[in-house]
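Summary of structural features
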Amino acid sequence: MPNRLSDETSPYLLQHADNPVDWHPWGPQAFDRAQAEDRPILLSVGYSACHWCHVMAHESFEDPETARLMNDLFVNVKVDREERPDVDAVYMTAVQALTGRGGWPMTVFMTPDGRPFFGGTYYPPAPRHGLPSFRQVLQAVADAYGQRRDEVVRSADSLKQALEQSTRLDEGGGEPDSGLLDVAFARISASYDTQHGGFGEAPKFPQPMALEVLLRHHARTGAELALQMVRHTMVGMARGGMYDQVGGGFHRYSVDAHWLVPHFEKMLYDNALLSRAYVEAWQATGDVELRDVGEDVLRYVQREMTSPEGGFYSAQDADSEGEEGRFYVWTAEEMDEVLGAEDGPLLRAWYGVTAKGNFEGSNILHVTGSADDVAAATGVAGARIRDVVSRSRSRLYAARARRIAPALDDKIITSWNALMLQSFAVAARVLDNDEYRAAATRNAEFLLAELRRDGRLLRTWRRGRATIPAFLEDYALLADGLLSLYEATWDLEWIREARALTDTMIDLFRDEREGIFYDTARDGEQLVVRPRNIDDNATPSGNSAATQVLLRLSVLTGDDRYERLAITALRDGTRLMERAPLAFGRMLAALDFHLASRREVVIAGDLRGSDTREMLDVLRRRYDPNLVMAVRPAAMDEAAAAEIPLLAGRRPVDGQAAAFVCRNYVCEQPVTDPAALQAALAS
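Predicted, not measured: the structure shown is a model, and the values here were computed from it.

**A short note on the overall build of the protein chain**
Along the backbone of the protein chain there are 26 helices and 20 strands. Compactness check: the protein chain gives a C-alpha radius of gyration of 26 Å against a globular reference of 26 Å for 683 residues, within 12% of the reference. Principal-axis analysis of the C-alpha atoms places the extent of the protein chain at approximately 85 × 70 × 45 Å. A burial count over the protein chain gives 60% of its 683 residues as buried. Taking all contacts inside the protein chain whose residues are at least 6 apart in sequence as the whole, residues at least 24 apart take part in 68%. Split by element, the accessible area of the protein chain, about 26,100 Å² in all, is 48% carbon and sulfur. Mean positive and mean negative side-chain charge positions of the protein chain (75 and 102 charges, respectively) differ by 1 Å.

If you want it as structure tokens, here you go:
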């Protein structure tokens, strides 16, 4: 019989709607019941693509005896961390304070007023690897709450104080300068894996924001080492098993140091950040392999992760048929059956497929070397290898499509969609691709129509239902994405929308006393503490995204109020950026933008004219992350141009498209020749 989760929109919560556990969704009903019955609350937090969440659900939440204990002893609350990042952040901080580590599934025990007093992550059904069984934990916590209430209350009070302390900024105050960027580069370089690329040891995450810091460092200083680290890492990831060699798209992370064995779920945010990073790395290096990977990811998102309405889905699961990775792996026999006796052995050599396998008796496909390397190993011409690889991928994809696919989390999250919108917009501008431009525009229109009510954003949408007030990251990332969409379309409407969102963001989330932003709105639900994170995780933090959009908007609109707010946030994060640059990649990018000897370029001309397109082509080819671009179409009137001060008075010259290269709104003489524009930018 379905429980109280059956009316929810989250696929993760719906996965638990038939559990024998009497789950409550997060909300006042659960807390009122806990207060009335004087019971502790058991909070379980996870997400739909989480492998160990599925394991614990099968072992414990689907078990009638375990469910009976949970129902008898606790009020049980289930939360999708992707819907409620605020709840997840508060209680993850508590678990990390208690245990020194965190992760999902997260299990937290709270007093009826929401104060945590004990918690952990995954608990097995029987004691193993030094962990007690979940039933033992349930009984011990219930006994403590019933028999030693004073200890529980002291623990809850102590943890609440720790949570309150975690939201205070005691680290800032310095004046950031370019020396901080140099220190950050040195520390990122020190963690670089010179053998396999990437940063740190296994498990190895893709770290796209660290790659952006390296690209920016190269653009600022010309340091070739930065570019070498980017290319080595990106090629390693793209040729490894962490990349889906058949269907495109990146899995979450690699469990080993050399990118072979992934954690198989695919998350929208990873593919958003990485597709943009690969396209921009192509700009910086000219390496076509990087561009091709970036476009391959975009095609994967269009094919498998886009809703009919134009939104982008959240994730694809790691598991199918009860096994992690089953959908993605191959045996040698399966490869030969699909590709035949001639092509099969060549593709097996290309993808490292053996009879023994490299993952539980099967093979995770990975590129073993260049076509010439495989040619030398097989005695077949390199051109033949390239031909076989090119035409065999679609056959493998079609064969794999007949398998039982992993589950799809089809909810649409505003901030994650904003990241993907920005990636499509950047690719549209850089590659001059109308298909990507249309995908970005359609997504922006969908988000603003379906996830905005009365000027305020909502967090999630699924099957026509939009729920949960949006968080700081939703506002900041969507505003930033819309600014990138302006650069892909030159439609002023996107700057207007970005500015409206930013003004609302400042009103709802900014802490006037400390100058940075809270994650939740001032009139939002009051949790045990009001969360505030400034460090990046898998996605940019709301504070770093807000800082970046404030700086970009300041230059475009000429409103220095935005810049003043951004500078305050940069000062507050100075010491933290210096100490842990891998955790502050997006804030470092904002700092790089702020400190740059920034130039603005205005193109005035007919957007349909070949002369205007040739000028824009000069800008597209350059990796110049701090270049501010604006276009004044020939038909734009002065009232519209006034919305971007750079556009005021800029006109074509003698009927030809003209480019104005400016510094702090003071522009040089216009040029009408693309080569002259190239020279001006290179000077």
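**Some words on the packing of helix H19 (residues 492-509) against helix H20 (residues 542-557)**
Put simply, H19 and H20 touch, their axes get as near as 11 Å, and they point 130° apart. Here H20 runs oblique to H19, going by the angle between their axes. Relative to H20, the crossing made by H19 is left-handed. For the pair H19 and H20, the contacting residues are Ile 495, Ala 498, Arg 499, Thr 502, Met 505 and Ile 506 in the first and Ala 546, Val 549, Leu 550, Leu 553, Leu 556 and Thr 557 in the second.

**Some details on the nonpolar core**
If you look at the biggest cluster of nonpolar residues, it comprises 180 residues, and the most contacted ones within it are Leu 482, Met 505 and Leu 677. Counting residues in each nonpolar core, the second largest holds 24 residues, with Leu 43, Val 45, Val 75 and Val 529 among its members.

**So, the sheet that holds strand E3 (residues 75-80)**
Within the open sheet, the five strands sit side by side as E1-E3-E2-E4-E5. Their pairing is mixed. For this open sheet the edge positions go to strand E1 (23-25) and strand E5 (116-120), each flanked by a neighbour on one side alone. The mean angle between the axes of side-by-side strands here comes to 30°, regardless of whether they run parallel or antiparallel. Summarising the sheet, strand E4 (residues 106-110) and E5 pair through four bridges and their orientation is antiparallel. Bridge pairing in E5 links Thr 107 to Gly 120. Each of strand E2 (41-46), E3, E4 and E5 touches helix H5 (residues 85-99); the most contacted strand, E5, lies at about 80° to it.

**Describing the side chain of Thr 233**
Among the structural elements, Thr 233 can be located in helix H10 (residues 224-239). Classification of Thr 233 by relative accessible area gives buried; the value is 0%. Of note is the side chain of Thr 233, whose polar atom sits 2.8 Å from the backbone nitrogen of Gly 198. Every residue in contact with Thr 233, bar those within four places of it in the chain, is listed here: Tyr 192, Gly 197, Gly 198, Leu 211 and Trp 259.

**Details of the pairing of strand E16 (residues 465-469)**
Of the strand pairs in this sheet, strand E15 (residues 456-462) and E16 are connected by four bridges, and their pairing is antiparallel. What sits directly across from Thr 460, in E16, is Thr 467. Here E15 hands over to E16 after two residues, with Arg 463 in that stretch at a positive phi of 50°.

**Digging into the packing of helix H9 (residues 208-221) against H10**
For the pair H9 and H10, the least separation of the axes is 8 Å and the interaxial angle reads 145°. Classified by chirality, the crossing of H10 by H9 is left-handed. Residues Leu 211, Leu 214, Leu 215, His 217 and His 218 of H9 form the contact with H10, whose participating residues are Glu 224, Ala 226, Leu 227, Met 229, Val 230, Thr 233, Met 234 and Met 237. Looking at the contact of H9 with H10 residue by residue, the classes come out as nine nonpolar, three polar and one charged.

Each value, and the rule that gives it
- Residues numbered from 1 in each chain as written.
- Predicted model: local features only at pLDDT ≥ 70, side-chain atom pairs only at ≥ 80, totals over all residues.
- Heavy atoms only, no water.
- Helix = DSSP H or I, 4+ residues; strand = E, 2+ residues; numbered from the N terminus.
- Rg over C-alpha atoms; globule rule 2.2 N^0.38 Å.
- Buried < 20%, exposed > 50% of the residue type's maximum accessible area, 1.4 Å probe, protein only.
- Contact = heavy atoms within 4.5 Å.
- Areas by Shrake-Rupley, 256 points an atom, 1.4 Å probe, with all protein chains shown as cover.
- Lys, Arg positive; Asp, Glu negative; His and termini not counted.
- Charge placed at Lys NZ, Arg CZ, Asp CG, Glu CD.
- Axes fitted to C-alpha atoms, helices over the stretch in contact; angles between N-to-C directions.
- Parallel < 35°, antiparallel > 145°, perpendicular 65-115°, else oblique.
- Left-handed = near helix turned anticlockwise from the far one by under 90°.
- Core = buried A, V, L, I, M, F, W, Y, C linked by side-chain atoms within 4.5 Å.
- Pairing = 2+ DSSP bridges.
- Polar contact = N/O pair within 3.5 Å; in protein donor to acceptor, adjacent residues only side chain to side chain.
- Nonpolar A, V, L, I, M, F, W, Y, C, P; charged D, E, K, R; others polar.

Read these as geometric descriptors, not functional statements.
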